[in-house]
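Residue-level structural notes
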Amino acid sequence: MLQALIIFVAQLIYVPVLTLRTITMVKGMKGKASALGTLEGVIYVGAIAIVFSDLSNYLNMAAYAIGFGVGLYIGQIIEQKLAIGYVSIEVNLMNKNEPLTDRLREVGFSVSTGEVEGMNDAKRYRLDCTARRDREQEFIQIVSSYEPSAFIVSYEPRNFKGGYITKAMKKRKEKFLKSKQKGSATL
């Protein structure tokens, strides 16, 4: 029974580490990926050695499988909380909404605007934006409060080249947070 518990706990650690290693590898974080890969290998070898030491022990095998499944669930929750990287977000609007654009820029999002043609040659407005993944929901909430019927689509860019995007977003967010703190201090 103790072996099964050890295997289960090992899987609860192993699979989230596997998830994070995969994410860091895909995002090009070589050092972090290799460190996580080393930890992953140590945990894997230890757990599988216990399972293979007694193949007639079905409780150990069940603990391995169930731990793997629960570990996947935990790994996904951790990944969502960390929200590593950036998202590109396109917002399609029926009308030009300068207060929305100003607000998004004020709180630190990059925003490029343009006029596009919609169905039946109708004039539409598109916002091309970039945000850190951990701010995606905040972005969507702001847009929805100004434009409830906006069409919003987001995706993860693989690379950035040129521009000032990450530094500018960081500076805008810091400015916004400072002004927010001053506002709450005066209340």
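Below or above, wherever it landed, is the structure these notes cover.

Parameters and conventions
Residues numbered from 1 in each chain as written. Predicted model: local features only at pLDDT ≥ 70, side-chain atom pairs only at ≥ 80, totals over all residues. Heavy atoms only, no water. Helix = DSSP H or I, 4+ residues; strand = E, 2+ residues; numbered from the N terminus. Expected span 1.5 Å × (residues − 1). Buried < 20%, exposed > 50% of the residue type's maximum accessible area, 1.4 Å probe, protein only. Contact = heavy atoms within 4.5 Å. Polar contact = N/O pair within 3.5 Å; in protein donor to acceptor, adjacent residues only side chain to side chain. Phe/Tyr/Trp six-rings, centres within 6.5 Å; stacked < 30°, edge-to-face > 60°. Lys NZ or Arg CZ within 6 Å of the ring centre and 35° of its normal. Core = buried A, V, L, I, M, F, W, Y, C linked by side-chain atoms within 4.5 Å. Salt bridge = Lys/Arg side-chain N within 4 Å of Asp/Glu carboxyl O.

Let us look at helix H2 (residues 30-53). Given 3.6 residues to a turn, an α-helix orients residues that are three or four positions apart in the same direction. Its 24 residues give H2 an end-to-end C-alpha distance of 34 Å, which sits within 8% of 34 Å, the value for a rise of 1.5 Å per residue. Along H2, the residues classified as buried are Ala 33, Glu 40, Ile 43, Ala 47, Ile 48, Ile 50 and Val 51. Next to the buried residues of H2 lie helix H1 (2-26) and helix H3 (58-82).

Attention now goes to the side chain of Arg 21. Take Arg 21: it is sitting in helix H1. Given the relative accessible area of 17%, Arg 21 is considered buried. Among the polar contacts made by the side chain of Arg 21, one reaches the side chain of Glu 40 at a distance of 2.7 Å. For Arg 21, the residues in contact, after removing those within four places along its chain, are Ala 33, Leu 36, Gly 37 and Glu 40.

By the definition in use, this model includes two aromatic pairs. Both rings, one in Tyr 14 and one in Tyr 44, keep their centres 5.6 Å apart while their planes meet at 35°; by these two values the pair is tilted. Here Tyr 44 lies in helix H2 and Tyr 14 lies in helix H1, a separation of 30 residues in the sequence. Of the residues examined, Tyr 14 reaches a relative accessible area of 8% and is grouped as buried. The class for Tyr 44 is partly exposed, based on a relative accessible area of 34%. Ring geometry for Phe 109 versus Phe 139: centroids 5.1 Å apart, planes at 85°, classification edge-to-face. With a gap of 30 residues between them, Phe 109 in the loop between helix H4 (98-106) and strand E2 (110-117) and Phe 139 in helix H5 (residues 136-146) connect regions that are remote in the sequence. Residue classification places Phe 139 among the buried positions, given a relative accessible area of 0%. Over the aromatic face of Phe 109 sits the side chain of Arg 135, whose NZ or CZ is 4.2 Å from the ring centroid.

With that out of the way, let us pick up the nonpolar core. With 18 residues, the main nonpolar core has Val 91, Leu 104, Phe 109, Leu 127 and Phe 139 as its most contacted residues. Secondary structure elements with two or more residues in this core: strand E1 (86-93), H4, strand E3 (123-132) and H5. In terms of nonpolar packing, the next biggest core, distinct from the first, is built from 13 residues, Ala 10, Tyr 14, Ala 47 and Val 51 among them.

Time to look at the pattern of salt bridges. All told, the structure shown has nine salt bridges when counted by the stated rule. One salt bridge in this structure joins Glu 106 and Arg 103, with 3.2 Å as the shortest N-O distance. Residue Glu 106 and its partner Arg 103 are both found in helix H4; the two are separated by three residues, about one turn of the helix. Residue class for Glu 106 comes out partly exposed when judged on its relative accessible area of 44%. Within the structure, one salt-bridge network assembled from shared partners comprises Glu 79, Arg 133 and Glu 156.

So, about the environment of Leu 2. Considering the arrangement of structural elements, one finds Leu 2 in helix H1. The exposure class assigned to Leu 2 is exposed, which follows from its relative accessible area of 61%. With 58 residues separating them along the chain, Leu 2 and Asn 60 place their C-alpha atoms 9.4 Å apart.

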